[in-house]
Structure formats: structure tokens, C-alpha cells
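Spelled out, the chains give:
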Amino acid sequence: GSEMCIRDRHMYSAWLMAFLLLPETCDESLSYDKQAVMRLLLIHDLGERVTGDIPRPKKQLAPDTYAREEDRAMTQLLLKETYPNVGRMDWEYQLWKEWAEDSSFNAKVAKEIDTLQAAYQLCLYLLNYRKNFSEEKIVSWLSECVELKTSVCRTIFRQLILENPAFESLHLGDLVSFPDSSHACQ
């Protein structure tokens, strides 16, 4: 259905954003690996094919319940511990667990790229449909970008969204106070 197309478009857009905008190296972490971030982004929402897209605020109300649902969905989709003699995708499952548990610097960057893609899409919608979004909703969505922890993603946010001439008319800086980004990556 259309939800699946939107989710697939989001996953591909997040992957493309990482491909085009992430630096090859990053002094912020020795474990940084652009290719690993891109692999995480290709698999991160796969479980939603089974669970549906559960909004982040709803997930935060019962994180353990939704984590179990997503884990069950990924186990099913990746045939983990299911059928004997069937090619199982154990490597992909471990990749997804890295994402779900936020257990590496690469997972942190991937999650922040996921947030950036959603913020970028919001800005595109705002250019044409601003009247459909309350200021409270806009501030709520953009506030996630204030919490970006990696300098690489803060830099991308500043360049792609805050300093993007196409979004100048949105006056995003008037809605949310964004901290300055440091430039630890090249």
C-alpha cells in the first residue's frame, strides 16, 4: 500500500543522504565507517513491513513492548532461528540489533541521518503545505534535530536544512534555537 511506498522512499532517501553527504572519515570516532552507516540505514525500518510504522512518541510510551514486536518481526523476516537448512540472514539480524540497541557510533550516526531525512522531508512539505502543520508540531519535529549528538550530523543539518536557501522562507531559526555545530569530520 501507500504506507509501504512511503516507508521504502524514506529508507532509500536516508540511505541516499548518507551516501551523498557523509564524509569518508570522521575524527569523532575511530570506529566510524560510512559503509556501515549506509548498511544500517538500508535495514533499519524493515520490521515495519510487519508491525506498521509506529510513531516515535507512541514507542516511547512502551519501549520494551515495541522493541519486542520489532524484534519478532525482524526474526520472522530474516528467518532467524526458524527453518532448518534455510539460508538465514544472521549477519543482517546482527546489523539490525546494532541499530535497535544503538550499540555503536555508526548506529548513532545512522539514527541521526534517519532523523535528518525526516526533518528534510518536513521542510519540503512546509514549503507547499505549511497551513497543514501547527507551529507546535513543527517545533516538536525539529526539536529532535537540536538533540543531534554527532558533529557530523549537526554539520549536515546546518548545511542541508538551516543554511539551505530553499528553506530560508521557513524561518526555522525563529521556531527552534539550534546550537552551533562543530566540524570534526571531513
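Residues numbered from 1 in each chain as written. Predicted model: local features only at pLDDT ≥ 70, side-chain atom pairs only at ≥ 80, totals over all residues. Heavy atoms only, no water.

> Describe the environment of phenylalanine 178, with residues and values.
Here phenylalanine 178 shows up in the segment after α10 (172–175). Distance in space between the C-alpha atoms of phenylalanine 178 and arginine 158 is 8.9 Å, their sequence separation being 20 residues. Apart from the residues lying within four places of it in its own chain, the contact partners of phenylalanine 178 are Leu142, Cys145, Val146, Phe157, Arg158, Leu162 and Leu172. (Helix = DSSP H or I, 4+ residues; strand = E, 2+ residues; numbered from the N terminus. Contact = heavy atoms within 4.5 Å.)

> Describe the pattern of salt bridges, with residues and values.
Enumeration over the complete set of coordinates arrives at three salt bridges. Here lysine 34 makes a salt bridge to glutamate 24, at a shortest N to O gap of 3.1 Å. Remark: glutamate 24 occurs in the loop between α1 (2–21) and α2 (34–43) and lysine 34 occurs in helix α2; sequence separation between them is 10 residues. For lysine 34, a relative accessible area of 7% translates into the label buried. In this structure glutamate 24 comes out as exposed when scored by relative accessible area, which is 55%. A salt bridge links aspartate 102 to lysine 108; the shortest N-O distance between them is 3.7 Å. (Salt bridge = Lys/Arg side-chain N within 4 Å of Asp/Glu carboxyl O. Buried < 20%, exposed > 50% of the residue type's maximum accessible area, 1.4 Å probe, protein only.)

> Which residues make up helix α9 (residues 151–162), and what values go with them?
Burial within α9 is extensive, with 10 of its 12 residues counted as buried. Regarding α9, the residues found buried are Ser151, Val152, Cys153, Arg154, Thr155, Ile156, Phe157, Arg158, Leu160 and Ile161.

> I'd like a description of the state of the cysteines, backed by residues and values.
Per the counting criterion, the structure on display carries zero disulfides. Of all cysteine sulfurs, the one in cysteine 123 lies closest to cysteine 145, which takes part in no disulfide; the gap is 8.0 Å. A relative accessible area of 4% means that cysteine 145 is categorised as buried. (Disulfide = S-S within 2.5 Å.)

> Kindly report on the packing of helix α7 (residues 105–129) against helix α8 (residues 135–146), identifying the contributing residues and their values.
Running from amino to carboxyl end, α7 crosses α8 at an angle of 145°, the nearest separation of the two axes being 9 Å. Note that α7 runs across α8; the crossing there is left-handed. Contacts between α7 and α8 involve Thr115, Leu116, Ala119, Leu122 and Leu126 from the former and Ile138, Trp141, Leu142, Glu144 and Cys145 from the latter. Residues belonging to the contact of α7 with α8 are distributed by class as follows: eight nonpolar, one polar and one charged. (Axes fitted to C-alpha atoms, helices over the stretch in contact; angles between N-to-C directions. Left-handed = near helix turned anticlockwise from the far one by under 90°. Nonpolar A, V, L, I, M, F, W, Y, C, P; charged D, E, K, R; others polar.)

All we've got here are geometric facts, nothing functional implied.
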